[in-house]
2 protein chains.
Amino acid sequence: MPDRGEGGGRREPTMRDVAALAKVSVKTVSRVVNDLPGAGTEVADRVRAAARTLGYRPDLTASSLRRADRRSATIGVLFEDLSNPFDAALLRAVEDRARQGGVLVLAGSSEDDHTLQRELLLSLAARRVDGVVVMAAGGHQDALQAERERGTPMVLVDRPPTFGGTDCVTTTNRDSSRDAVTRLAALGHRDIAFLGDRRTLWTSQERYTGYLEGLARTGLTLREELVHADLHGADLAETATAALLGLGRPPTALFTAQNLITVGAMRVLRAHGLQHRVALIGFDDFPLADMLDPGVTVVRQDVPGLGRKAAELVFARIDGDTSPPVHAVVPAALVPRGSGEIAPPA
Amino acid sequence: MPDRGEGGGRREPTMRDVAALAKVSVKTVSRVVNDLPGAGTEVADRVRAAARTLGYRPDLTASSLRRADRRSATIGVLFEDLSNPFDAALLRAVEDRARQGGVLVLAGSSEDDHTLQRELLLSLAARRVDGVVVMAAGGHQDALQAERERGTPMVLVDRPPTFGGTDCVTTTNRDSSRDAVTRLAALGHRDIAFLGDRRTLWTSQERYTGYLEGLARTGLTLREELVHADLHGADLAETATAALLGLGRPPTALFTAQNLITVGAMRVLRAHGLQHRVALIGFDDFPLADMLDPGVTVVRQDVPGLGRKAAELVFARIDGDTSPPVHAVVPAALVPRGSGEIAPPA
DNA sequence: CTGAAAGCGCTAACAA
DNA sequence: TTGTTAGCGCTTTCAG
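Being a predicted model, the structure only gives us computed values, none of them experimental.

Go over the interface of chain A and chain B with me, naming the residues and quoting the values.
Contacts between chain A and chain B engage 67 residues on the former and 67 residues on the latter. Counting the surface lost from both chain A and chain B, the interface buries some 5,700 Å², and carbon and sulfur atoms represent 53% of this. There are 16 salt bridges connecting chain A and chain B. Two residues, Arg92 of chain B and Glu111 of chain A, come together in a salt bridge whose shortest N-O distance is 3.0 Å. Taken together, the links from chain A to chain B amount to 33 residue pairs in polar contact (both at pLDDT 80 or more). Of all the elements in the fold, those that place two or more residues in the side of chain A that touches chain B are helix H4 (60-66), helix H5 (85-100), strand S2 (104-109), helix H6 (114-126), helix H7 (142-149) and helix H11 (259-271) of chain A. Top element by residues in the side of chain A that touches chain B is H6 of chain A. It accounts for seven residues.

And the structure:
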């Protein structure tokens with residue numbers, strides 16, 4: 001690499017350069033490049049040749065600036081943490097759908113933090129994305145609402161909006177939780193603990209409500225000391241599980257309402273040698289859940305389904321769909337693997 | 001949402017609108033918005049007020065089009081599969097570093113496919129990204145080389161370029177593999193199998209070479225029938241493992257050179273009830289590897305470290321660093337958890 | 001300290 | 001079928 005190393009002076013060739021070389025007007029080049037009608041077969045070839053020799057590549061940002069629709073062919077995706085398997089799978093599903101339309105994805109992690117989410121949203125807006133798919137941070141959604149009210153096509157995923165006029169896609173949090181608890185009760189469990197994530201998260205609330213419904217349906221009484229909420233991260237989940245096991249009348253079954261919590265609880269059960277004696281059902285599947293001993297029974301969300309649906313909705317809105325906002329619900333399914341099928345001690 | 005639903009007619013306010021309202025020139029608005037010197041305190045306040053009342057937001061694409069540096073404050077990331085935990089963690093690390101500079105990330109999955117990788121690269125180029133971080137698809141790298149030679153700042157991660165003049169960041173594939181095999185040999189294993197990913201991948205080749213070095217160092221002879229390559233996906237890994245176990249003289253230890261392969265092999269060992277009798281060391285850590293029985297001994301890459309380094313390099317190049325290209329190597333570490341510490345049968 | 005004119009690369013709207 | 005003029009929203013250059 002002698003001389004022309006680090007991209008020093010070279011300038012990207014423009015339509016003008018191509019036009020000059022092909023001895024036509026810029027507009028003609030534009031026509032050929034976008035294969036629009038009015039393309040003289042002869043001239044078109046000349047233009048294409050010129051473009052090739054110069055290494056011309058269209059500038060989408062410039063074209064989008066001038067075009068009538070002003071589309072950037074780019075959408076924004078704002079999830080909590082792109083390194084979380086759930087978020088990653090969701091991103092992938094959205095990306096796949098986007099690619100079909102030649103759309104690229106600007107991705108960011110909001111860390112479940114308002115301020116950060118707002119800043120990222122502004123960053124996306126500054127780049128004039130055509131729409132956004134968002135996992136709303138817990139608490140208020142002022143920034144999301146403001147953005148939406150400016151007209152930005154928006155789909156919330158995993159958690160619904162607290163404001164109107166916006167599409168969203170969620171799973172059957174409440175019903176699946178209720179079914180899980182009902183299932184444990186049917187095995188004879190009467191002391192079923194609940195371990196949940198931050199209360200500010202809608203999904204946590206729903207899953208807790210489902211837990212209560214499950215108890216109510218099966219005639220069980222709520223024991224407050226069996227409920228632990230605000231367990232963000234595996235560490236807190238472990239502490240809570242240990243506390244539960246230390247009770248005078250410990251639970252014989254656990255319902256863990258998020259995948260990191262499930263893992264934390266499982267870890268503690270194993271440490272106490274109780275993994276085959278205390279039943280466990282978790283919300284959210286996770287890799288290798290089937291390889292543990294016992295296999296971990298979980299409520300599995302249809303993550304690709306969620307992502308696909310969210311993408312479809314946002315692209316429909318971008319394409320001008322003005323039908324009333326929808327709340328799509330993608331069903332989750334219980335996957336029995338052993339841990340949820342443990343009966344209580346006689 | 002009565003009337004102003006779907007963002008129907010409203011136009012984003014521009015600098016001109018702000019200028020008109022504040023009764024100043026567009027240039028003055030530009031100065032205030034970018035807080036450049038020459039901002040009259042009085043006038044600045046008027047401008048800011050006008051901007052707020054109109055809900056003005058700068059258009060980065062327009063500004064970047066005109067500005068001298070032509071930066072889009074956006075980089076591209078092209079990995080194999082964004083839903084793979086390794087890729088996801090890498091993306092997150094790059095994203096974190098990018099955010100510090102107000103840079104956003106356009107992310108895509110290349111599926112380890114040349115054509116797709118080339119198309120995505122062109123898509124990124126059309127949006128005039130400032131640089132790219134790429135996990136090169138196996139085989140030739142023509143598209144990457146072409147892009148690089150146009151001057152696009154580029155860093156390859158996980159796999160090095162087959163062409164010159166380009167930075168890259170990889171891990172200690174060969175050395176760590178050699179150490180893993182050496183470790184198994186030290187326990188007394190003489191029949192150590194190798195299960196590897198696609199041969200076209202540089203990492204596969206390196207890890208295989210490390211395996212050979214390990215054998216050579218410890219005076220073991222290579223048994224060809226213990227080597228299985230081109231195992232892409234867990235299914236192929238399972239078939240290969242089953243085949244190995246069916247040999248007249250089966251291996252007493254396995255070295256699995258990629259995380260999906262490790263999981264597949266582990267699955268088959270369990271199915272045969274051999275997980276405590278056949279030793280196993282895998283390359284790449286994976287979630288819950290410590291919770292399996294036995295815990296899975298792995299070579300763990302420093303994924304955040306790889307991502308951080310890659311991001312640092314690409315931003316340095318974007319900022320004009322013209323020092324010679326570097327190949328940064330981030331060390332991996334062996335994490336003993338049990339499966340790699342199983343001795344051969346007496 | 002402020003502004004007018006020009007133009008980034010491209011496309012819309014109209015001619016020729 | 002082709003070209004000309006204007007201008008997307010912003011920054012540059014240069015003049016007040």
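Quick rundown of the side chain of Thr256 of chain B? Include the residues and the values.
Within the secondary structure, Thr256 of chain B sits in strand S8 (residues 253-256). In contact with Thr256 of chain B, not counting residues within four places along its chain, are Leu195, Ile261, Thr262, Ala265, Leu280, Ile281, Gly282 and Phe283 of chain B.

Tell me about the protein's contact with DNA strand D, and please be specific about residues and values.
Surrounding DNA strand D, one finds 26 residues, the nearest of these being Val43 and Arg66 of chain A together with Met15, Lys27 and Tyr56 of chain B. Take the atoms of DNA strand D that sit within 4 Å of the protein: sugar and phosphate atoms are 58% of them. Asn34 of chain B places a polar side-chain atom, nitrogen or oxygen, 3.1 Å from a phosphate oxygen of DNA strand D. In this structure, a base nitrogen belonging to DNA strand D sits 3.4 Å away from a main-chain N or O atom of Ala62 of chain B. Listed by contribution, the elements that provide at least two residues to the surface near DNA strand D are helix H2 (26-33) and H4 of chain A together with helix H1 (15-22), helix H2 (26-33) and helix H4 (60-66) of chain B. Per-element tally for the surface near DNA strand D: the top contributor is H4 of chain B, with four residues.

Any chance you could break down the sheet that holds strand S11 (residues 327-330) of chain A for me, citing the residues and the numbers?
The strand order across the open sheet formed by 12 strands is S11(A)-S5(A)-S4(A)-S3(A)-S1(A)-S2(A)-S2(B)-S1(B)-S3(B)-S4(B)-S5(B)-S11(B), and the pairing between neighbours is mixed. Sheet topology places S11 of chain A together with strand S11 (327-330) of chain B at the edges, where each strand pairs with a single neighbour. Sheet twist, expressed as the mean angle between neighbouring strand axes with direction ignored, is 20°. Sheet analysis places strand S3 (residues 131-134) of chain A next to strand S4 (residues 154-157) of chain A, joined by three bridges and oriented parallel. Across the sheet, residue Val134 of chain A finds its bridge partner in S4 of chain A, namely Leu156 of chain A. Across the sheet, helix H5 (residues 85-99) of chain B touches S2 of chain A together with strand S1 (74-79), strand S2 (104-109) and strand S4 (154-157) of chain B, and the angle it forms with S1 of chain B is around 170°.

So, the pattern of salt bridges: which residues are in play, and what are the values?
Residues and elements named next belong to chain A. In total, this model carries 70 salt bridges over all chains according to the counting rule given. Across the salt bridge formed by Arg159 and Asp112, the nearest N and O atoms sit 3.7 Å from each other. Placement of Arg159 in the loop between S4 and strand S5 (167-171) and of Asp112 in the loop between S2 and H6 is noted, with a sequence separation of 47 residues between them. The class for Arg159 is buried, based on a relative accessible area of 7%.

Account for the packing of aromatic side chains, with residues named and values stated.
This model, assessed by the stated rule, comprises eight aromatic pairs over all chains. Between Phe194 of chain B and Phe255 of chain B the ring centres are 6.1 Å apart and the planes differ by 45°, which places this aromatic pair in the tilted class. Of this pair, Phe194 of chain B sits in strand S6 (residues 192-195) while Phe255 of chain B sits in strand S8, and the two are 61 residues apart along the sequence. Of the two residues, Phe194 of chain B and Phe255 of chain B, both sit in the buried class. Ring pairing ties together the aromatic residues Phe194, Tyr208, Tyr211 and Phe255 of chain A, which thus form one cluster. For the cation-ring pair, Arg207 of chain A lies above Phe283 of chain A, with the distance from its terminal atom to the ring centre recorded as 3.8 Å.

Reading the values: the criteria
- Residues numbered from 1 in each chain as written.
- Chains lettered and ligands numbered in written order.
- Predicted model: local features only at pLDDT ≥ 70, side-chain atom pairs only at ≥ 80, totals over all residues.
- Heavy atoms only, no water.
- Contact = heavy atoms within 4.5 Å.
- Buried area = accessible area lost by both parts, 1.4 Å probe.
- Salt bridge = Lys/Arg side-chain N within 4 Å of Asp/Glu carboxyl O.
- Polar contact = N/O pair within 3.5 Å; in protein donor to acceptor, adjacent residues only side chain to side chain.
- Helix = DSSP H or I, 4+ residues; strand = E, 2+ residues; numbered from the N terminus.
- Near = heavy atom within 4 Å.
- Pairing = 2+ DSSP bridges.
- Axes fitted to C-alpha atoms, helices over the stretch in contact; angles between N-to-C directions.
- Buried < 20%, exposed > 50% of the residue type's maximum accessible area, 1.4 Å probe, protein only.
- Phe/Tyr/Trp six-rings, centres within 6.5 Å; stacked < 30°, edge-to-face > 60°.
- Lys NZ or Arg CZ within 6 Å of the ring centre and 35° of its normal.

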